[in-house]
Amino acid sequence: MKRKITQALASWKARKHHKPLLIHGARQVGKTYAALSFGKSAYQNVVYLNFEGNPELAQIFERNLDPARLLAELSAFFGATILPHETLLIFDEVQACERALTSLKYFAEQAPDFDIIAAGSLLGVALRRETYSFPVGKVDTLTLHPLDFEEFLWALGEDALASAIRTSFEDRTPCPIHEKALDLYHLYLAVGGLPQAAKTYCDTQDFDFVQSEQKNLVNAYLADMAKYATPQETTRILAVWQSLPAQLAKENKKFQYKTVKTGARAYQYATALTWLKASGLIEVCRCVTEGTLPLAAFTKPDAFKIYLADTGLLCARYGIPAHILLHAPHSFDAFKGALTENYVMQALVTNGLMPYYWTDKNQAEVDFVLQTKTGDILPIEVKSAAHVRAKSLQAFRKRYAPPYAIRISSRNFGYEDGLFSLPLYAVFCLRE
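Residues numbered from 1 in each chain as written. Predicted model: local features only at pLDDT ≥ 70, side-chain atom pairs only at ≥ 80, totals over all residues. Heavy atoms only, no water.

## Considerations on the packing of aromatic side chains
- All chains considered together, the criterion is met by 22 aromatic pairs.
- Between phenylalanine 77 and phenylalanine 78, the aromatic rings sit 5.1 Å apart at their centres with planes inclined by 65 degrees, giving edge-to-face as the arrangement.
- Relative accessible area serves as the criterion here: at 36%, phenylalanine 77 is assigned to the partly exposed category.
- Ring plane angle 90 degrees and centroid distance 6.1 Å describe the contact between tryptophan 358 and tyrosine 400, whose orientation is recorded as edge-to-face. Separated by 42 residues along the polypeptide, tryptophan 358 in strand β8 (residues 356-359) and tyrosine 400 in helix α17 (residues 391-400) bring together distant segments of the chain. You'll find tryptophan 358 and tyrosine 400 in the same group, each marked buried.
- Directly above the ring of tyrosine 43 sits lysine 13, whose terminal nitrogen or CZ lies 4.8 Å from the centroid.
- Between the NZ or CZ atom of lysine 305 and the centre of the ring of tyrosine 357, over which it lies, the distance is 4.3 Å. (Phe/Tyr/Trp six-rings, centres within 6.5 Å; stacked < 30°, edge-to-face > 60°. Buried < 20%, exposed > 50% of the residue type's maximum accessible area, 1.4 Å probe, protein only. Helix = DSSP H or I, 4+ residues; strand = E, 2+ residues; numbered from the N terminus. Lys NZ or Arg CZ within 6 Å of the ring centre and 35° of its normal.)

Following this line, the structure appears as structure tokens:
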């Protein structure tokens, strides 16, 4: 599958003094595939180390972490010559060998001509901080998310449609293939952006196989909770995870600890939330009480919303049949808004944006607000259909006079009176 991270990897390689690269991301988002496919296309040869699949590799790192010794032993182990700039070393599942992660510091300092990409899941929760040294300041980093809608279109062979959407966004003109784009957007909600689920759909066109794959992925995430957390932590992480559908189903989607368990308190479940965020399974959107610069100064520490990192997983968690999403009966309207918000949050975070949401003493609420590089504050209202009346958005614009506002809905592109109408399928176009 064509992924946008490939361009970022090429930029990393082209930088004259780049450091070892660490790719973050949840399990099964395509980190290994991205690193291997890039290595095979951009380097003379690749030396691939999988620390979970081959525990013997960890023994090479048990002694000192001198890069010259490591390179010599790795060359002997793999029977390959490791050359500066021409060989890509890939440290996969690096969380299974913490000394290999620490070694990146010494490669950066003592062997900067050797290119290394390290990839790992659960790096924020799987490592024993008391026994290893993270290479702070000695690595470049990238985060890989599930496929966004544009990458999903590429996987379907709809490159021309993706280009047409971008052209309409840049020109602020209606998309001529609007209805088809909306249909594929609904398909994306059901399939999601996890590469294996998307590939399964492309290969079979059968949602039973897709949902089976999604359930397998959910089970793998549950297994990680038991593997990388204490029994008490696992119980609480699982309780929060299981509460997420109910959290999003509420009219007020603010996260409530009482939804996790009656009488629950923040101090009991804060670590569980941190674990889920660090594992890449959820995204956190915090509340701001002012729509002015800087947004981070006006956050309410106890007010936030939680979204899943992939709409396909969300549908799997709810058990939503694919035909419901594709044909969108009115009986589904009550929850469609929550799913749409989740999709928009996922798209914004994937593009490197940091969304907040705004409330005014519970009298008005804007779904998302963004702070741009130039210091502008932009409100975003999300509608799951064509009904677009938004009193809260009007209240925000009247109070803070943003340069313009964004309304995301099933309507086509348009711009009028400082309000930019953005179709649901075009959220991937929003970038810094």
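Following the structure, the description resumes.
## A word on the pairing of strand β3 (residues 87-92)
- With respect to burial, β3 is a largely interior element, six of its six residues being buried.
- Burial along β3 is two-sided: Thr87, Leu89 and Phe91 and Leu88, Ile90 and Asp92, pointing in opposite directions, are all buried.
- For strand β2 (residues 45-50) and β3, the ladder comprises six bridges, and the chain directions are parallel. What sits directly across from leucine 49, in β3, is phenylalanine 91.
- By the bridge criterion, five bridges tie β3 to strand β4 (residues 115-119) in an arrangement that is parallel. In the strand pairing of β4, aspartate 92 is matched with alanine 119.
- Handedness of the crossover is the feature at issue here: the chain leaves β3, passes through helix α5 (residues 98-110), returns alongside β4, and the resulting connection is right-handed. (Pairing = 2+ DSSP bridges. Right-handed = clockwise from strand over helix to strand, strands pointing away.)

## As for the environment of lysine 305
- Here lysine 305 shows up in strand β7 (residues 299-308).
- Sequence separation of lysine 305 and glycine 79 is 226 residues, and the distance between their C-alpha atoms is 51 Å.
- Not counting residues within four places of it along the chain, the set of residues in contact with lysine 305 comprises Lys253, Lys254, Phe255, Glu283, Val284, Cys285, Glu341, Tyr357 and Glu365.
- At 2.6 Å, the side chain of lysine 305 forms a polar contact with the side chain of glutamate 365. (Contact = heavy atoms within 4.5 Å. Polar contact = N/O pair within 3.5 Å; in protein donor to acceptor, adjacent residues only side chain to side chain.)

## As for the confidence of the model for the chain
- For the chain, the mean per-residue pLDDT works out to 91, and 95% of the residues sit at or above 70.
- Considering each helix and strand of the chain separately, the mean pLDDT is smallest for helix α15 (residues 322-327), with a value of 80, and largest for helix α6 (residues 149-155), with 98. (pLDDT = per-residue confidence, 0-100.)

## Concerning the layout of surface pockets
- In this model, the second largest pocket occupies a volume close to 600 Å³.
- His145, Lys277, Gly280, Ile282 and Glu283 are, among the 34 residues lining the second largest pocket, the residues nearest its centre.
- Counting residues per element, the ones that place at least two in the lining of the second largest pocket are α13 (266-278), β6 (282-288) and α16 (333-350).
- Considering every element that reaches the lining of the second largest pocket, the biggest residue donor is β6, with five residues.
- Within the lining of the second largest pocket, the residues separate by chemical class into 21 nonpolar, nine polar and four charged. (1 Å grid on protein atoms, 1.4 Å probe; cavity = no way out; pocket = protein on both sides within 12 Å on 5 of 7 lines; lining within 4 Å. Points joined across faces, edges and corners; volume = space filled by probe spheres on them. Nonpolar A, V, L, I, M, F, W, Y, C, P; charged D, E, K, R; others polar.)

## A closer look at the sheet that holds strand β1 (residues 21-24)
- Ordered in space as β2-β3-β4-β1-β5, the five strands form an open sheet in which the pairing is parallel. Each edge of the open sheet is held by one strand with a lone partner, namely β2 and β5 (140-143). For this sheet, the mean inter-axis angle between neighbouring strands, taken without regard to orientation, is 20 degrees.
- When β1 meets β4, the two strands line up parallel, connected through three bridges. From the neighbouring strand, leucine 21 faces β4, where its bridge partner is isoleucine 117. (Axes fitted to C-alpha atoms, helices over the stretch in contact; angles between N-to-C directions.)

## Thoughts on the packing of helix α10 (residues 207-228) against helix α14 (residues 311-318)
- Interaxial distance between α10 and α14 falls to 9 Å at its minimum, and their mutual angle equals 90 degrees. As far as their axial angle goes, α14 and α10 are roughly perpendicular. Note on element contacts: α14 touches α10 through Gly312, Leu313, Ala316 and Arg317, opposite Gln214, Leu217, Val218 and Tyr221.
- Residues belonging to the contact of α10 with α14 are distributed by class as follows: five nonpolar, two polar and one charged. (Parallel < 35°, antiparallel > 145°, perpendicular 65-115°, else oblique.)

## Section: α5
- The terminal C-alpha atoms of α5, which comprises 13 residues, lie 19 Å apart, in line with the 18 Å expected from a rise of 1.5 Å per residue.
- Within the sequence span of α5, burial applies to Glu98, Ala100, Leu101, Thr102, Ser103, Leu104 and Phe107.
- On the buried face of α5, the contacting elements are β1, α4 (67-78), β3 and β4. (Expected span 1.5 Å × (residues − 1).)

## Description of the pairing of strand β9 (residues 365-371)
- Burial within β9 is extensive, with five of its seven residues counted as buried.
- Two elements, β8 and β9, share three bridges in a ladder whose sense is antiparallel. Looking at β9, one finds that tryptophan 358 is bridged to valine 366.
- Inspection of the sheet shows β9 paired to strand β10 (residues 377-382) by four bridges, in the antiparallel sense. Directly across from leucine 370, in β10, lies its bridge partner leucine 378.
- Linking two consecutive strands that pair antiparallel, namely β9 and β10, is a turn of five residues; a positive phi of about 95 degrees is found at glycine 375 within it.

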